[in-house]
Amino acid sequence: MDSNHQNNYKLNKTEKKFLRKQIKARHTLLRHEGIETVSCATQILVVANGGLGNGVSRNQLLPVLEKCGLVDALLMPPNKPYSFVRYKTTEESKKAYVTLNGKEIVDDLGQKIILYLNFVEKAQWKELELQALPPGLMVVEEIISSEEEKMLLEGINWTEDTDSQNFQKSLKHRRVKHFGYEFYYENNNVDKNKPLPGGLPDFCDSILEKWLKEGFIKHKPDQLTVNQYEPGHGIPAHIDTHSAFEDEIVSLSLGSEIVMDFKHPDGVTVPVMLPRRSLLLMTGESRYLWTHGITPRKFDTIQASKGHKSGIITSDVGDLTLSKRGIRTSFTFRKVRQTPCNCSYPLVCDSQMKETPSSFPESNKEASQLEQEYVHRVYEEIAGHFSSTRHTPWPRVVEFLKALPSGSLVADIGCGNGKYLGINKELYMIGCDRSQNLVDICRERQFQAFICDALAVPVRSGSCDACISIAVIHHFATAERRVAATQELVRLLRPGGKALIYVWAMEQEYNKKKSKYLRENRISQGKKGEINNDTSVQELLVEQMPVVGNQDSACSVPSTNDFQEGGCNSREVTNSKLPIHTNRTSFHSQDLLVPWHLQGNPGKNKLVEPFGAVGSHDPSPVFHRYYHVFCEGELEAACQTLSNVRILQSYYDQGNWSVNTNSAKLEKLQMSISRAPACVSHWVTPRGNQNAKEPSDTVRKSQLPGARSRAKKVWSGFPHT
């Protein structure tokens, strides 16, 4: 027994429990954040559970740390359940390590949190790019006096007239009143032919006239929505309907400050502080293209420096803290539009989308070119980052694979990084993918995989007991090519063999339930008293839709033209006018481009030297992937066009449609087609791909009965390179 074990053996029960928790915190930091702790004493400590993501503010943590010595710097990354502290001397950091490890503190909500400290050689976090306010956005501080604020708040009676036409009864999480015109949340519009009696309140007239005179607004509004937010309430990200209101949207914040998040369709998020008694003005791009919303939470991450009031919340981790929300009332003024919107953003404009339908490939050649540009090329570029987000198998796919008889030969068509190839050791599985880089990752993991086109798989007909195609077929650009890909799966199956197909669903809300892709908050929030996040939920969300990362240097915040001409990596070949999807929102078109924000490329996610100067904030690339999202019944209909196929089961699975089928040559063959969570495998090209390779130099000898001889038959006639 070594000395460490002897020491641990002598610890009492409480001490052993603490030691286990500290070790768990250390491992979690390494596994999920890449923070490597060291055993030798240094000046720098990572404080697990002492972060903004745990509800611990700078004003709360700093005095605790200062009791052990002179704090040189305290870094608190946004939304993270840990912080970094550097002491003037190593002796002071040692004292903090001994004194504060296991110390219980109370967060701003009154909940108990236990700190766990470990030494690190350097503080590290993911750098955030420098940001600017969205074009057309302006915040004016102290636009009204405290007396005017009081007058406005007292002018809204929330208790006595709940039956009046101005009172909105349908919202659960905030109180709402409308004046001038009622805003209908079921269709995000107003009825221009039904103005509310009384118009805008009289007490607003003098303020609006003043804003007109001073040039803050150009038109006098005729519609007012008053929202009251309790701490913890919010409003989903949205764009005020183009056809409902004119260009100018202004919002007055009363009672309390708030952080509002503005998000570009390509994923850039800019948090903006709206101080009490400030006016937010949205025109142009910020009004028509960027979504705005308020995250439901009781604290906002804000600048700690006293001089900072309104504007962007920067990424300076040495100047961030928490601010407790109060009751906020917003007065949002708009002018109802009487003519169709003719803004410069037709791809996101409800007035113009009917007039400008998405372009669609008119030939097989054009479809192949679109797939080459927006599928094959993209996955070659993002393979490493994509693979790092694909590690948790979807439960119903696992269920399908584990239900197959021992010794079955199974082909994973569009296997990606091979996450399903090792699920059931009793099967003999082969994988193929169009991406060379993803196939290389499979081989590094000792899986049998080769490069090929999903429309021309170089495997003998009728040789597989089962096939799976998980989140692949939605990358084909025409209905004919999607059916052909399904037909290729059927060709591989022996009589009675089964196939399982998953594709992204148009319906991200089904049976009155939103998919996790829509409803889950992606911001890391550590559990109280623990450092680790709910990784099972987070991993599932990553599988359903890629995490939004940084932006592309060449087209990080696409210009107006990007949304007129199809995005920054459009090619003249396809003249694509496909809409660009906003991540974590419902789909509004079946054929679209979905952004992938590449992370981990050279120069990105650098380890920042201990409290050193911030380096370059060059944004990282964003790529657009083509998708055809399937409507209910569409996948089944595609399968029913094939002969010798019977659909065994069709179901919806967290934002995906799935079908389970089988093939029938001599006897019925089964195929499962399912609606599955959003994930992506990728491949598509013309027949006779010259890059096809064997899955390895020699076919693996399987211990499964009969698998070896059958494998030889599968690979007979396989093109060698």
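The paragraphs below set out a description of the structure included in this document. Computed from a predicted model, the values in this text were never measured in an experiment.

How each quantity is defined
- Residues numbered from 1 in each chain as written.
- Predicted model: local features only at pLDDT ≥ 70, side-chain atom pairs only at ≥ 80, totals over all residues.
- Heavy atoms only, no water.
- Helix = DSSP H or I, 4+ residues; strand = E, 2+ residues; numbered from the N terminus.
- Buried < 20%, exposed > 50% of the residue type's maximum accessible area, 1.4 Å probe, protein only.
- Areas by Shrake-Rupley, 256 points an atom, 1.4 Å probe, with all protein chains shown as cover.
- Core = buried A, V, L, I, M, F, W, Y, C linked by side-chain atoms within 4.5 Å.
- Phe/Tyr/Trp six-rings, centres within 6.5 Å; stacked < 30°, edge-to-face > 60°.
- Lys NZ or Arg CZ within 6 Å of the ring centre and 35° of its normal.

## Examining the overall build of the chain
Then comes step 1: Within the chain, the regular secondary structure consists of 17 helices and 34 strands.
Then comes step 2: The burial tally for the chain puts 55% of its 721 residues in the buried class.
Then comes step 3: As displayed, the chain has an accessible area near 31,300 Å², and 49% of this comes from carbon and sulfur atoms.

## Some thoughts on the nonpolar core
Then comes step 1: Counting residues in hydrophobic clusters, the biggest one holds 30 residues, and the most contacted among them are Ile-413, Val-457 and Cys-467.
Then comes step 2: Among the elements of the structure, strand S23 (409–413), strand S24 (428–433), strand S26 (464–470), helix H12 (479–492), strand S27 (493–504), helix H16 (634–640) and strand S33 (656–663) are those that each provide at least two residues to this core.
Then comes step 3: In terms of residue count, the dominant contributor to this core is S27 (four residues).

## As for the packing of aromatic side chains
The geometry of an aromatic ring pair comes down to the distance between the two centres and the angle between the two planes.
Then comes step 1: Applying the stated criterion to the full structure yields 13 aromatic pairs.
Then comes step 2: Between the aromatic rings of Phe-331 and Phe-333, the centroid separation amounts to 6.4 Å while the plane-to-plane angle is 40°, which identifies the pairing as tilted. Residues Phe-331 and Phe-333 agree in their burial class; the two are buried.
Then comes step 3: Joined through ring pairs, the aromatic side chains of Trp-211, Phe-331 and Phe-333 make up one cluster.
Then comes step 4: In this structure, Arg-334 packs its charged tip against the face of Phe-183, placed 5.6 Å from the ring centre.

## Focus: unusual backbone geometry
Then comes step 1: At Asn-49, a residue that is not glycine, the phi angle is positive and equals roughly 75°.
Then comes step 2: Considering the arrangement of structural elements, one finds Asn-49 in the loop between strand S1 (44–48) and helix H3 (58–66).
Then comes step 3: Given the relative accessible area of 0%, Asn-49 is considered buried.
Then comes step 4: Not every positive phi belongs to a glycine, and Glu-142 is a case in point at roughly 45°.

By themselves, these are just geometric observations and shouldn't be taken as functional.
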